[in-house]
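Next come the chains, spelled out residue by residue.
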Amino acid sequence: MDVTAIIDGLNDAQRSAVTAPVQNLLVLAGAGSGKTRVLVHRIAWLVQTENISPYSIMSVTFTNKAAREMRGRIEELLGVNPGGMWVGTFHGLAHRILRAHWREAQLNENFQIMDSDDQLRLIKRLCKEMQLDDTRWPARQFQWYINGQKDEGLRSRHIERTNDVFDKTMIRMYEAYEDACDRGGMIDFGELLLRCLELLRDHNPKLLAHYQERFRYILVDEFQDTNAIQYAWLRLLTGHERKLMAVGDDDQSIYGWRGARIENIQNLPEHFPGADTIRLEQNYRSTNTILQAANAVIANNRGRLGKQLWTEGADGEKISLYAAFNEQDESRFIVGQIQKWVDEGGLRSESAILYRSNAQSRVLEEALIRSGVPYRIYGGHRFYDRLEIKNALAYLRLVSNREDDTAMERVINVPTRGIGTRTIDVVREHARAENVSMWRAANEVVEYKKLPARALNALQSFLNLINQIDTETTGTALNEITDHAIQLSGLIEHHAKEKGEKGQSRVENLEELVNAAKQFSGQWEATPEEANVSELSAFLDQAALDAGDAQADTNQDSVQLMTLHSAKGLEFPLVFLAGVEEGLFPHSMSAEEPGRMEEERRLCYVGITRAMKKLFITYAESRRMHGQDNFNRPSRFIQEIPAEFIEEVRLNATVSRPMSQGRPSYGQRDNSMFNNVQVDDSAPKIYLGQRVKHPIFGEGIVLNCEGDGPKARVQVNFDDEGSKWLVLGFAKLEAL
Ligand SMILES: Nc1ncnc2c1ncn2[C@@H]1O[C@H](COP(=O)(O)OP(=O)(O)OP(=O)(O)O)[C@@H](O)[C@H]1O
Ligand SMILES: [Mg+2]
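Residues numbered from 1 in each chain as written. Chains lettered and ligands numbered in written order. Predicted model: local features only at pLDDT ≥ 70, side-chain atom pairs only at ≥ 80, totals over all residues. Heavy atoms only, no water.

Per an unreviewed UniProt entry, the chain goes by the name DNA 3'-5' helicase and belongs to Neptunomonas phycophila. The record in UniProt for the chain states the following under Sequence similarities (unreviewed entry): "Belongs to the helicase family. UvrD subfamily." (UniProt positions renumbered as here; feature names shortened; annotations may be inferred.)

Here's what the structure looks like:
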């Protein structure tokens, strides 16, 4: 047996972690210091030198993708397939135990896992049965409550009773939900862990003993993001044995909003006796510049466990900061840089675009599609595949064509409006019998009164709703039709009621669709073949094409797009952090709570440290969000990076940031962004970032200004004519 392959290529600290005797261990270290590498090598070491069978090892990772990669790397090191070893996510592993012991866990043999949409549908049904008014008691709120309780390991019977109506109703729903799940043999994600914990802890000491004996060593990656129940589960499985290796980084804890507890790292030495803490301080991933920038940003957080990270690597290139005029310009810039990278011999798959909110991907995707650059989105749907977008498009499709049965089926009761399955069955039946569309059938069912009055009313109001959206928007612009449809349909309100980031993100996506419509109008010109096609149906076609434009297949070299959250643990030679603006990142939702702001900063630390060679940070001076133009300031995180590590890229010119007065130049420009340029009263009031129109050059955005009064000069970036300097007094600019 050759162990050199396992310990070669490790530094001293890494080697001491890998070769430590079988005991509890905490590896606490910053990004890119080789934590995941240590974990993989330790598994190989245990198998090779401690004679622990792969069958006796469990390794917990954060995503299934990470689990697959880990398996591959272990196999490479060992030279054999580590069959029998359990590598997976907490949910995946709990699922495995439940499948094997469904009877003991009091489940049906064929129990079904519900995803979050199924779960919501069930809760809605219960709301109706319990006659809860869904405006006062949105189903999402129940869902959020139930999942939160399960993450804490609590069933309805464990929750303290109060006289508070809110608490009482939540608990009542939780009880009804538990019953319905048990009857139907269904289990949700949170239930996987909770049920497994109870099975081992409360019901079956023999089974617990079996697994405690079986697993002689348990390893956990990304330990900083474990929540209460995951932690309890680990404590149970390790028992009194000393056999846990946890690797993590308190600075990368980014799931606090989903119940992750950073304290689990602090408590570890107490709950897992004899745990040695090993710190890794050398970073192997990033250039010195990138690493210093990350260190400087995270230094602004308080209460850190404190780590030093250094690298032997070269300084590398400076971080490029690009101030885009708007989000279109930002995307164009990013795509241009990626093309340059590829032209110089790089791979597309070496580049990643990271963003804070899902909605940001649309404009980026469009720029990539326009330039024919293949891309993949991780941990999320492509924009036009997202549930809320498909629903909104279904309304538009019905407005455009009443005979579109798929669209009708999709949204007839979304959001819920009292049209039950029975009603839909009757309509379907009628459509089939008469060989007409669902729409016609629904009209006839109402006309012939084929259902009880309540059902008929509900159906009639749906038909009216579609007609109303249509008539009220005849002759209006495409974005207004879209806006009207998402408002009147109740989709916006429906998602706005959801608690948490998901609802917020769905609302943002819907608003983004309005932006997409507006942009489409600006670009669309009917070809002769399309003379009879309305702008709306052309828009719908394009959306369908975009959605059907198969995600670049795994083998194709493609750019990686993902949210910052899903980028955890990964690394890429070329990274773009897009939309680094106040309000977007840090997200406005985190502004009030100091704890949340620190979590945003950790997210920024995660983002910066994904980059190996080159990092671009971009922000837009004007961005359409929530249906209006926003002029956000550059993110505070940019200001937290020392100026020496940054160079600004602007209008094809690269300038080093002047250090005069110790203030970065963008800070000054940023302040002026909100001040009107002083001009005499006859000239229009122009401010930076504003859209203007020139009689000859057309429309553009004001980028810069010099001087004041009528002689002031402004720089305008015209959509078609490029950037020009003009004297304000003569230019006849019209503010738009
Ligand atoms: N001793 C070493 N010699 C050479 N390369 C190393 C060494 N240790 C780690 N690396 C490389 O450094 C990079 C980062 O390692 P790894 O992903 O394990 O870090 P990490 O601490 O898990 O990072 P993160 O906190 O982002 O999850 C990888 O490309 C890895 O192969
Ligand atoms: Mg890692």
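Moving on from the coordinates now.
**Description of the site of ligand 1**
Looking at ligand 1, there are 19 residues lining it, with Lys35, Thr36, Gln252, Glu571 and Arg610 nearest. One of the side-chain N or O atoms of Thr36 is found 2.8 Å from an oxygen atom in ligand 1. Each residue belonging to the shell around ligand 1 can be placed in one class, and the counts come to 3 nonpolar, 10 polar and 6 charged. (Near = heavy atom within 4 Å. Polar contact = N/O pair within 3.5 Å; in protein donor to acceptor, adjacent residues only side chain to side chain. Nonpolar A, V, L, I, M, F, W, Y, C, P; charged D, E, K, R; others polar.)

**Topic: the UniProt feature "binding site: ATP" (unreviewed entry) in the chain**
The feature "binding site: ATP" (unreviewed entry), as given by UniProt, occupies Ala29, Gly30, Ala31, Gly32, Ser33, Gly34, Lys35 and Thr36 in the numbering adopted here. Residue placement: Gly32 occurs in the loop between strand S1 (25-29) and helix H3 (35-49). Overall, Gly32 belongs to the buried group, its relative accessible area being 12%. On the secondary structure map, Ser33 appears in the loop between S1 and H3. Among residues more than four places away in sequence, those in contact with Ser33 are Gln14, Leu280, Gln282, Asn283, Tyr284 and Leu309. Only 2.7 Å separates the side chain of Ser33 from the backbone oxygen of Gly30, close enough to count as a polar contact. (Helix = DSSP H or I, 4+ residues; strand = E, 2+ residues; numbered from the N terminus. Buried < 20%, exposed > 50% of the residue type's maximum accessible area, 1.4 Å probe, protein only. Contact = heavy atoms within 4.5 Å.)

**Topic: the packing of aromatic side chains**
A full pass over the atoms with the stated rule returns 15 aromatic pairs. Considering the side-chain rings of Phe697 and Phe718, the 5.3 Å spacing of their centres and the 50° angle between planes classify their relative orientation as tilted. Of the two residues, Phe697 sits in the loop between strand S18 (691-694) and strand S19 (698-706) while Phe718 sits in strand S20 (residues 713-718), which places them 21 residues apart along the sequence. By the ring-pair criterion, three or more aromatic residues cluster together here, those being Tyr322, Phe333, Phe576 and Phe616. A cation over a ring is seen here: Arg214 above Tyr55, with NZ or CZ 3.7 Å from the ring centre. (Phe/Tyr/Trp six-rings, centres within 6.5 Å; stacked < 30°, edge-to-face > 60°. Lys NZ or Arg CZ within 6 Å of the ring centre and 35° of its normal.)

**What about the environment of Ser534?**
Its place among the elements puts Ser534 in the loop between helix H23 (500-523) and helix H24 (535-548). A relative accessible area of 35% places Ser534 in the partly exposed class. Taking the C-alpha atoms as reference points, Ser534 and Arg304, 230 residues apart in sequence, are found 58 Å from one another.

**Digging into the sheet that holds strand S2 (residues 57-60)**
Read across the open sheet, the 6 strands follow the order S3-S2-S6-S7-S1-S8; overall the sheet is parallel. Two strands close off the open sheet at either side, each with one partner strand: strand S3 (86-88) and strand S8 (276-280). Across the sheet, the axes of successive neighbouring strands diverge by a mean angle of 10°, strand direction being ignored. Against the sheet, helix H2 (residues 12-19) touches S1, strand S7 (244-248) and S8, its axis set at about 145° to S8. (Pairing = 2+ DSSP bridges. Axes fitted to C-alpha atoms, helices over the stretch in contact; angles between N-to-C directions.)

**Focus on the side chain of Thr482**
Examined against the element boundaries, Thr482 turns out to sit in helix H21 (residues 478-488). Look at Thr482 and you get buried, because its relative accessible area is 1%. Of the polar contacts made by the side chain of Thr482, one reaches the backbone oxygen of Leu478; its length is 2.8 Å. Not counting the four nearest positions on each side in its chain, Thr482 is found in contact with Leu396, Leu513, Val514, Ala517 and Phe539.

**Considerations on the nonpolar core**
Grouped together as the largest cluster of nonpolar side chains are 63 residues, with contacts concentrated most on Met58, Leu98, Met173, Leu200 and Trp233. Top contributing element to this core by residue count: helix H8 (residues 165-184), with 8 residues. For Leu200, the contacting residues outside a window of four places in its chain are Leu207, Leu208, Tyr211, Leu236 and Leu237. The next biggest cluster of nonpolar side chains, apart from the first, holds 54 residues, and it includes Tyr395, Val399, Ala441 and Ile469. (Core = buried A, V, L, I, M, F, W, Y, C linked by side-chain atoms within 4.5 Å.)

**Section: unusual backbone geometry**
Going from Val414 to Pro415, the amide bond is cis rather than trans, its omega being -5°. Note the cis peptide between Phe585 and Pro586, where omega equals 5°. Structurally, Pro586 is set in the loop between strand S13 (572-577) and helix H25 (594-608). Its identity is not glycine, yet Gln106 carries a phi of approximately 55°, on the positive side. One can find Gln106 in the loop between helix H5 (90-100) and strand S4 (112-113). Judged by its relative accessible area of 58%, Gln106 is exposed.

**Overview of the pattern of salt bridges**
Scanning the model with the defined rule gives 36 salt bridges in all. Asp188 is paired through a salt bridge with Lys150; the nearest N and O atoms lie 2.8 Å apart. Of this pair, Asp188 sits in the loop between strand S5 (186-187) and helix H9 (189-203) while Lys150 sits in helix H7 (residues 139-151); the two residues are 38 residues apart in sequence, bridging distant segments of the chain. Just as Asp188 is buried, Lys150 falls in that class too. (Salt bridge = Lys/Arg side-chain N within 4 Å of Asp/Glu carboxyl O.)

**Some words on the pairing of S20**
Burial within S20 is extensive, with 5 of its 6 residues counted as buried. Counted along the chain from S20 to the antiparallel partner strand S21 (residues 722-727), the turn is 3 residues long.

**Digging into the environment of Trp102**
With respect to the helices and strands, the residue Trp102 is situated in the loop between H5 and S4. Between the alpha carbons of Trp102 and Leu199 there is a distance of 9.6 Å; along the sequence they are 97 residues apart. Once residues lying within four places of it in the same chain are set aside, the contact partners of Trp102 are Leu107, Asn108, Glu109 and Phe111.

**Observations concerning the packing of H7 against H8**
At a minimum axis distance of 10 Å, the contact between H7 and H8 shows a crossing angle of 75°. In terms of axis orientation, H7 runs roughly perpendicular to H8. Here Gln141, Phe142, Tyr145, Ile146, Gln149 and Lys150 of H7 come into contact with H8, specifically with Phe166, Thr169, Met170, Ile171, Met173, Tyr174 and Tyr177. Grouping the constituent residues of the contact of H7 with H8 by class yields 9 nonpolar, 3 polar and 1 charged. (Parallel < 35°, antiparallel > 145°, perpendicular 65-115°, else oblique.)

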